[in-house]
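# Topology and contacts: notes
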Amino acid sequence: MEIKITKTTTPSVMPAEDKLGFGKVFTDHMFVMDYEEGKGWFDARIVPFGRISLHPASTVLHYGAEIFEGLKAYRRADGGVQLFRPMENIRRMNNSAERMSLPLLDEQDALEILTKFVQLEERFVPKSFGTSLYLRPFMFGNDESLGVHAVKRATFMLIASPSGSYYAEGINPVKIMIESEDVRTVRGGTGYAKCGGNYAASTRAGERASKKGYSQVLWLDGVERKYIEEVGAMNVMFKIDGEIVTPMLTGSILPGITRKSCIEVLKKMGYTVSERLLSVDELVSALESGKLEEAWGCGTAAVVSPIGKLAYGDKEYVVSGGQIGEVTQKLYDTLTGIQWGKLEDTFGWVYKI
Ligand code: PLP
Ligand code: COI
């Protein structure tokens, strides 16, 4: 596909690698492409990073027609740059688009956009282990009228942010609170789609948890408030009496690429992995009997995040003695090893730029 490139005349300085946070600074350029019904996608362009102008009636501002993705460009130990399973993000973005009545992307075009953009911004891919260039593709409905219907105009964009290691001081187990009031999504809703509204609706519970000293909530299902779904904005896994359990994808859970990769790695290591319903009662009885051996969240940003404490009602339980568990550590080492090009990729997951 043809991408028109207009380079910035005021290149910025790459920030010091030890000062990088998450999603705070951006590269010099952004990719933009427009869509109109009947015409398809057009005007693919890379332009200097900057503010965008929207009509005050733009669909995204009223009816929340917005989806996004998150993936990283990693600096390999040999100096090259690679992505991790980018086609999985592209396909999930199309599933999100379908759910939100937004236009689909051509898969190969999307891969080319990611590749060309990362090539242009290569100097912003940091070099230290654990750091990366976080890529944020997103799409929004952009009709300039207030009618409620599938959009006829949309915009797709890609921005990128050099980001620091999620664990500047090593992996610290987090404190999590089981949320019994708010729900993230429901079956039949938008849980499996990565749409902005899911995140807006979940921040209230996250803020309440944070005021009580917890870093995130463990979500229960929206119908019965009985089954475990996700933790914060990550998928969740448990080791219970030797079995690795992760909630099955019922439609209200985001099908994480890290989740899928953890399952494949664990199976290859010989563990029994069950994708099934896991009730909060089963989890609490495993906590009380000492059968809950490990718990962790998994997602692109943190890779894996061990859970050291779990609160339910007025009780608080310690998991894995508040330390990172053996399986959690093995997963972290294996996934980060492949992503940063330190370990051989026997799965065929990396995509070199
Ligand atoms: N669940 C939610 C709600 C998320 O936002 C994310 C992050 O993207 C994940 C799970 C993990 O998905 P992935 O591993 O593809 O990053
Ligand atoms: C993840 O990558 O795990 C996330 O949850 C990304 C988040 C910033 C939406």
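Residues numbered from 1 in each chain as written. Chains lettered and ligands numbered in written order. Predicted model: local features only at pLDDT ≥ 70, side-chain atom pairs only at ≥ 80, totals over all residues. Heavy atoms only, no water.

## So, the site of ligand 2
- In the vicinity of ligand 2, the contacting residues are Phe22, Tyr134, Arg136, Lys194, Tyr199, Ala233, Gly299, Thr300 and Ala301.
- The separation between an oxygen atom of ligand 2 and a polar main-chain atom of Ala233 is 2.8 Å.
- At 2.8 Å, a backbone N or O of Ala301 approaches an oxygen atom of ligand 2.
- Its free accessible area being 290 Å², ligand 2 has 80% of it covered by the protein chains.
- Spatially, ligand 2 is embedded in the largest pocket.
- Tallied by class, the residues present in the shell around ligand 2 amount to 5 nonpolar, 2 polar and 2 charged.
- Mapped onto the domain boundaries, the shell around ligand 2 takes at least three residues apiece from domain 1 (4-163) and domain 2 (174-339). (Near = heavy atom within 4 Å. Polar contact = N/O pair within 3.5 Å; in protein donor to acceptor, adjacent residues only side chain to side chain. Areas by Shrake-Rupley, 256 points an atom, 1.4 Å probe, with all protein chains shown as cover. 1 Å grid on protein atoms, 1.4 Å probe; cavity = no way out; pocket = protein on both sides within 12 Å on 5 of 7 lines; lining within 4 Å. Sits in = over half its atoms within 2 Å of the grid points. Nonpolar A, V, L, I, M, F, W, Y, C, P; charged D, E, K, R; others polar. Domains from an automatic or database assignment.)

## A few points about the pairing of strand β15 (residues 292-299)
- Of all 8 residues in β15, 7 are buried; the element is thus mostly enclosed.
- Sheet analysis places β15 next to strand β16 (residues 303-312), joined by 4 bridges and oriented antiparallel. When the bridges of β16 are listed, Gly299 appears paired with Val303.
- Counted between consecutive antiparallel strands, the loop separating β15 from β16 contains 3 residues. (Buried < 20%, exposed > 50% of the residue type's maximum accessible area, 1.4 Å probe, protein only. Helix = DSSP H or I, 4+ residues; strand = E, 2+ residues; numbered from the N terminus. Pairing = 2+ DSSP bridges.)

## Looking at the pattern of salt bridges
- Evaluation of the coordinates by the stated rule reveals 25 salt bridges.
- With a closest N to O distance of 3.8 Å, Asp18 and Lys19 form a salt bridge.
- Taking relative accessible area as the criterion, Asp18 reaches 65% and is therefore assigned exposed.
- Judged by its relative accessible area of 65%, Lys19 falls in the exposed class.
- The partner of Lys175 in a salt bridge is Glu316, and the shortest N-O contact between them spans 3.9 Å. With a gap of 141 residues between them, Lys175 in strand β9 (residues 174-178) and Glu316 in strand β17 (residues 315-318) connect regions that are remote in the sequence.
- Judged by relative accessible area, which is 31%, Lys175 ranks as partly exposed.
- Residue classification places Glu316 among the partly exposed residues on the basis of a relative accessible area of 38%. (Salt bridge = Lys/Arg side-chain N within 4 Å of Asp/Glu carboxyl O.)

## As for the packing of helix α2 (residues 86-99) against helix α3 (residues 107-120)
- Between α2 and α3, the shortest axis-to-axis distance is 10 Å and the interhelical angle comes to 125°. In terms of orientation, α2 lies oblique with respect to α3. Pair α2 / α3 crosses with right-handed handedness. Of α3, the residues touching α2 (which contributes Pro86, Met87, Ile90, Arg91 and Asn94) are Glu107, Gln108, Ala110, Leu111 and Leu114. (Axes fitted to C-alpha atoms, helices over the stretch in contact; angles between N-to-C directions. Parallel < 35°, antiparallel > 145°, perpendicular 65-115°, else oblique. Left-handed = near helix turned anticlockwise from the far one by under 90°. Contact = heavy atoms within 4.5 Å.)

## Here we look at a nonpolar patch on the surface
- Residues Tyr63, Leu146 and Val148 make up a contiguous nonpolar surface patch of about 320 Å² in total accessible area.
- Along the chain, the position of Val148 falls in the loop between β7 (132-141) and β8 (153-163).
- On the basis of relative accessible area, Val148 is assigned to the exposed category, the value being 67%. (Patch = residues over 30% accessible without salt bridge, like charges linked within 9 Å, V, L, I, M, F, W, Y side chains within 5 Å.)

## Structural notes on unusual backbone geometry
- One non-glycine residue, Ser101, lies in the positive phi region at around 55°.
- We classify Ser101 as partly exposed; its relative accessible area is 39%.
- At Ser320, a residue that is not glycine, the phi angle is positive and equals roughly 50°.
- Turning to its location among the elements, Ser320 is positioned in the loop between β17 and α7 (326-339).

## Section: the layout of surface pockets
- Quantified by volume, the largest pocket comes out at close to 890 Å³.
- Lining the largest pocket are 39 residues, with Tyr199, Gly232, Ala233, Met234 and Ala301 sitting closest to its centre.
- For the lining of the largest pocket, the secondary-structure elements that each account for two or more residues are β7, β9, α4 (196-211), β10 (216-220), β11 (228-231), α5 (257-268) and β15.
- The element best represented in the lining of the largest pocket is α4, accounting for 6 residues.
- A class-by-class count of the residues in the lining of the largest pocket yields 17 nonpolar, 15 polar and 7 charged.
- Residue-level mapping places the lining of the largest pocket at the junction of two domains, with at least three residues from each of domain 1 (4-163) and domain 2 (174-339). (Points joined across faces, edges and corners; volume = space filled by probe spheres on them.)

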